[in-house]
Structure formats: structure tokens, C-alpha cells
Amino acid sequence: EDVELIYNIICRNGYRKKHKQYDWIRKCTYYFTNFHAVAPVRILYKICRRKPELAGTFEEFSGCFNDMPDRLKYCRIIDGLAINESLVKGNEYKDVMEKQMDVEYYIPSVSEIDEYYRYGYPASERAYTRLCSYLRESLGVKDEDVDPICYEICIIVSWKHPFRMIFDVLRDYGIETGKKEQRELSEYIDAVRNVTRTLYLRGHMHGEVMNIIAEATPDNPRIYSVFVDELPFEYGYMEKQKPVVNEKKIYPNAPCPCGSGKKYKKCCGRYQ
């Protein structure tokens, strides 16, 4: 009887709806922090509005977000901006904003948000299914490790981290790669890159904005830096790309200045 009484009280006070709102906003902030990282809070709200019955008005959304426990949120709201938690310290989000292409922010569909929240990467994309098969069949990656590895690869590609970090990820899972495997893997990554939502393209895929490449000249720096500076994602790319260099001394356990959220010694510090 006590359990039934408590259950009825919870339902009557709208607990179930509030729980659904929290769950949906959590999924949206997860997507946002990985593939937008920083944007006006209205963009985060727009993403949440894919389910208008849960997002409500902007005021209702803001109130719900503020009421959520911090452990359920992946970002913070500061001065009208939604910001990836790892980029807040040292105002690193400002550097990301400067490097982002000046295009409209991509607003994902409900199915995309659910897929990214479940897997961490676009698992239904053919390029990723082929990558998964290669990891299992050619590199001997365990089934339970495939999704976590693909998630890390997705973030490396989206955030334009050094290509060689992919080999470090594989090494962390006990997979060593020689030149043959690295050459093969680079071909899969090149395909993956075209279907990965990219931080510096404000959530767009490269394939969705390829027509802008025609304008990619040094006279168009916001476009040039995104499309030309670090293309293509091919074998040998890891020899060309340099780690983040900071004039100030960076201690091994300090956050990496590239904004990955990892310790310096676990990220770009590996290549110094």
C-alpha cells in the first residue's frame, strides 16, 4: 500500500513527464557537446525542439535544464552560450568558435540523436559498418570493443585531432598496427570522414558542404582553414599534421590545449 501510495503521488506530481524531459535533454546535450561543442543556447534548444512536447517553450526548457543535476548534463550555459564542459576552463571554447566555419548550425533528427546517444557515432552509415567489419575481421578487435573504438575514431575525425591518435586508441585496446594495416585503415577513415558530423563545420558532414570547397582560398580564411589546411585524411597524413603547440609550459596532467578534455600526456603531449 505504501509503494502504491508513493507511486500515485509521483505520477500525480508529473514525475514521469519530468523524467522524460530530463532524459531527452540529456541525449540532446550529449550530441551537442560532441558535434557542436559551443553555440548559442538557442541552438541547443532548437535541437531539443525535435521533440516539442518535451522541450516546451524556451523558458520551460531553460528551467528544466537548470533543475537537472549536473551529472545528467554534458554542457554548461554561460552568457547565452551552451558550452562543452571540457572547454570552459581557460576559455578554450573561444578558440573553437573562431575556427568554426560561418554556416548555419546543423540540427540533427530525432533518430540521429538517439543513434549518437546509443553508440556515440553514426553506426548505421555504411562507411562505419565497413569500418566495424574491418576492425573485427582484419584487426581482430573484440566485439565488445568495436563500438567504443568507433566512438573514439568519430571524435578524432570530428574534432580534427591528429590521425595517429587512432593508432594510439587501437593500442590501448591491445591492437598493434604495422604500415600495411595503417595504410588500409586510412582508406576506411577517409570514407568515414565524409559521413562524420564535424565540429568545425558546426555539425555538418563534409559531404553536405562540399560545394563550399570551390570558395576555399586563402582570401576566405574561415573556409580555407576547415577544408584545406588538413586535407586529405589519407595515409601519411599523420606525418604532416602537427600536435598542438603551446608557448607556455604544459604539465603532463594538465588539460590538453586542443580542447579534447583529456590530459596533455594522454593527447597531444604524446607527440612532443
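So, how was this worked out
- Residues numbered from 1 in each chain as written.
- Predicted model: local features only at pLDDT ≥ 70, side-chain atom pairs only at ≥ 80, totals over all residues.
- Heavy atoms only, no water.
- Core = buried A, V, L, I, M, F, W, Y, C linked by side-chain atoms within 4.5 Å.
- Buried < 20%, exposed > 50% of the residue type's maximum accessible area, 1.4 Å probe, protein only.
- Helix = DSSP H or I, 4+ residues; strand = E, 2+ residues; numbered from the N terminus.
- Contact = heavy atoms within 4.5 Å.
- Pairing = 2+ DSSP bridges.
- Arc of directions from axis to C-beta.
- Polar contact = N/O pair within 3.5 Å; in protein donor to acceptor, adjacent residues only side chain to side chain.
- Axes fitted to C-alpha atoms, helices over the stretch in contact; angles between N-to-C directions.
- pLDDT = per-residue confidence, 0-100.

Considerations on the nonpolar core
Point 1. If you look at the biggest cluster of nonpolar residues, it comprises 71 residues, and the most contacted ones within it are L44, C48, F61, L131, L135, L185 and I189.
Point 2. With eight residues, the top contributor of residues to this core is helix α9 (residues 143-158).
Point 3. Setting aside its immediate chain neighbours within four residues, C48 contacts W24, I25, C28, A55 and F61.

Looking at the pairing of strand β3 (residues 81-84)
Point 1. Neither face of β3 is left uncovered, since the one carrying L81 and I83 and the one carrying A82 and N84 both have all their residues buried.
Point 2. Note: strand β1 (residues 38-40) against β3, three bridges, orientation antiparallel. Pairing of P40 across the sheet is with L81, part of β3.
Point 3. Of the strand pairs in this sheet, strand β2 (residues 75-78) and β3 are connected by four bridges, and their pairing is antiparallel. Bridge pairing in β3 places R76 opposite I83.
Point 4. Following β2, the chain reverses through two residues before pairing antiparallel with β3; D79 in that reversal takes a positive phi of roughly 50 degrees.

Section: helix α6 (residues 92-99)
Point 1. Within α6, the full set of buried residues consists of E92, Y93 and V96. What you see down the axis of α6 is that its buried residues fit within an arc of 100 degrees, all on one side.
Point 2. Packed against the buried residues of α6 are β1 and β3.

Details of the environment of E115
Point 1. Tracing the backbone shows E115 in helix α7 (residues 110-119).
Point 2. Residues E115 and K27, spaced 88 residues apart in sequence, show a C-alpha to C-alpha distance of 9.8 Å.
Point 3. Sequence-distant contacts of E115, defined by excluding residues within four places in its chain, comprise G120, Y121, P122, A123 and S124.
Point 4. Polar side-chain contacts of E115 include one of 3.4 Å to the backbone nitrogen of A123.

Let's talk about the side chain of H36
Point 1. Secondary-structure assignment places H36 in the loop between α2 (15-35) and β1.
Point 2. Among the polar contacts made by the side chain of H36, one reaches the main-chain carbonyl oxygen of Y106 at a distance of 2.9 Å.
Point 3. Those residues in contact with H36, other than ones at most four positions away along the chain, are Y31, I43, I47, Q100, Y105, Y106, L199, R202 and G203.

Let's talk about the sheet that holds β2
Point 1. Taking strand neighbours across the sheet as the criterion, the three strands line up as β1-β3-β2 in an open arrangement whose pairing is antiparallel. With partners counted over all chains shown, the strands left at the sheet margins are β1 and β2, one partner each. Neighbour-to-neighbour, the strand axes of the sheet open up by a mean angle of 25 degrees, direction not taken into account.
Point 2. Running at roughly 90 degrees to β1, helix α3 (residues 41-48) makes contact with β1, β2 and β3 of the sheet.

Some thoughts on the confidence of the model for the chain
The predicted coordinates should not be examined in detail at positions where pLDDT is low.
Point 1. The predicted model of the chain has a mean per-residue pLDDT of 82, with 75% of residues at 70 or higher.
Point 2. At the low end of the mean pLDDT range in the chain sits helix α13 (residues 237-240), at 39; at the high end sits helix α8 (residues 126-137), at 97.
Point 3. Under a pLDDT of 50 for its full length, residues 222-247 has, in the predicted model, 67 contacts with residues more than four places off or in other chains.

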